[in-house]
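A closer look at the structure
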Amino acid sequence: MSDTDDAPRLCDFCRLPLSCGRETLSHRGATYEFCSEACRTAMRETDRVFTEYHGHRRMRTGVSGLDAGLPQGLPRNSFVLVSSDEGARNETLLAELVWRALERDEPAVVVTFTEPPVSVVENFLALDWNVLPYLESGRLHILDCFTYRVSDRDRMFDRMNEWTSHIRRIARDVTETVRDPSDVSELQNKLDGCLEALGMTDAGVVTIDSLTEFGTLVQPIRAYDCVKDVRADVCKGRFVPVFAGGTITGEERTFPHDLGYAVDGIVDMQMNGSIVRDTLIKRLRIRKMNGVLSIPEWTAYEFTAGRGLVTFDPIAEMDDPAEGDGPVDPDSDAPGPAERSPADAEPNAHSPDAPGPREE
């Protein structure tokens, strides 16, 4: 018997297996089989059928370290917590997620609690990602939850130089300022307004730079409810993924790091000092992702201008004979490969003095 004979018969409308009985419909001498009366009725009323089972749409994030751990892709209806040690640069990961969406011609909304809009734009530009055309075209919106802290905004704007004033002019029309971020209703309404303006349904991404900062503004129960509401309205209602940063500054069992039960995915970003002597190695893993296969393995990474997150194997780079470093003498004061940073251990360098990847 062939593999084809072993394959389950599929509904001629929805393409799911005929698991429990079947409904039939004859048309022009052909007999079609359906898994339910609803599918048979839909076949009669429409001029097209599903060519495959779609389920919840999945996407490739475009970030190498995430896509490697998500071989089936990321469900678009996911709320993902990016839980990060200080120094692991979770804000740069969020920026790359936005940039990759823009490259796919999808819109994006950046919610910022820790930086003013001009600084948000500067962070993209520092990575050689020119978002100015996307701001001008309206494909990128900024929800400003930071500027409320500035008592005299006119004075802040007057102190800007020509370049930052230029950025502000470009970003002004696509920046929505939240007057009081501790007012959860205002925050959610203005986020919804940004999504409506961009027509974001089943497309684009939303990033929130710091749930940790948000948690300092409101009572815990309101913070939890806001996250659940955004997950329901944006992720489940619009099929738009949300990536929200949270920096670990102390107790891990406090907001937002105790949200594991309420979010769809968790990405851990860690500063690890046990792999290479006297060096902190940035590592990333996908701890949890509902609905798809995820590979929860730690991967070392660094960020490089223009390329974004680049993964590498620190042990393999230490042992690479092309580096020209001999065995490490434990009694020697000369630095060996184990004492050099991963950025200096560039595999394609022609000599130990050749420059490594440019880091931002």
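Residues numbered from 1 in each chain as written. Predicted model: local features only at pLDDT ≥ 70, side-chain atom pairs only at ≥ 80, totals over all residues. Heavy atoms only, no water.

Secondary structure summary: the protein contains 12 helices and 14 strands in total. Relative to its 360 residues, the protein shows a buried fraction of 46%. Within the protein, contacts between residues separated by at least 24 positions form 69% of all contacts whose residues are at least 6 apart in sequence. In the structure as shown, the protein presents an accessible area of about 18,600 Å², 47% of it carried by carbon and sulfur atoms. (Helix = DSSP H or I, 4+ residues; strand = E, 2+ residues; numbered from the N terminus. Buried < 20%, exposed > 50% of the residue type's maximum accessible area, 1.4 Å probe, protein only. Contact = heavy atoms within 4.5 Å. Areas by Shrake-Rupley, 256 points an atom, 1.4 Å probe, with all protein chains shown as cover.)

Time to look at the pattern of salt bridges. For the structure shown, the criterion picks out 20 salt bridges. We note a salt bridge from R104 to E106, for which the minimum N-O separation is 3.4 Å. Classification of E106 as buried rests on a relative accessible area of 10%. Of the charged contacts in the structure, one is a salt bridge between E196 and R238, with a shortest N-O distance of 2.5 Å. Linking E196 in helix α9 (residues 184-198) with R238 in helix α11 (residues 220-238), this pair joins segments that are 42 residues apart in sequence. A relative accessible area of 10% means that R238 is categorised as buried. (Salt bridge = Lys/Arg side-chain N within 4 Å of Asp/Glu carboxyl O.)

In this section: the pairing of strand β9 (residues 205-208). Judged by which residues are buried, β9 turns out to be covered on both faces: V205 and T207 on one side and V206 and I208 on the other are all buried. In terms of strand pairing, strand β6 (residues 108-112) meets β9 through 4 bridges, oriented parallel. Counterpart to V109 in the pairing with β9 is V206. For β9 and strand β10 (residues 242-248), the ladder comprises 3 bridges, and the chain directions are parallel. In the strand pairing of β10, T207 is matched with F243. (Pairing = 2+ DSSP bridges.)

Confidence along the protein averages 85 in pLDDT terms, with 84% of residues attaining 70 or more. Scored below 50 in pLDDT, residues 323-360 makes 51 contacts in the model with residues more than four places away or belonging to other chains. (pLDDT = per-residue confidence, 0-100.)

With that settled, consider helix α8 (residues 162-172). The complete set of buried residues in α8 reads T164, S165, I167, I170 and A171. Sitting at the amino-terminal end of α8 is N161, which places a side-chain oxygen 3.1 Å from the backbone nitrogen of W163. (Polar contact = N/O pair within 3.5 Å; in protein donor to acceptor, adjacent residues only side chain to side chain.)

This next bit is on unusual backbone geometry. Even without a glycine there, the phi angle at R89 is positive, about 65 degrees. According to the relative accessible area criterion, R89 is buried, its value standing at 18%. Of note in the backbone geometry, D278 takes a positive phi value of approximately 60 degrees without being a glycine. Mapped onto the fold, D278 is located in the loop between β11 (265-276) and β12 (279-289).

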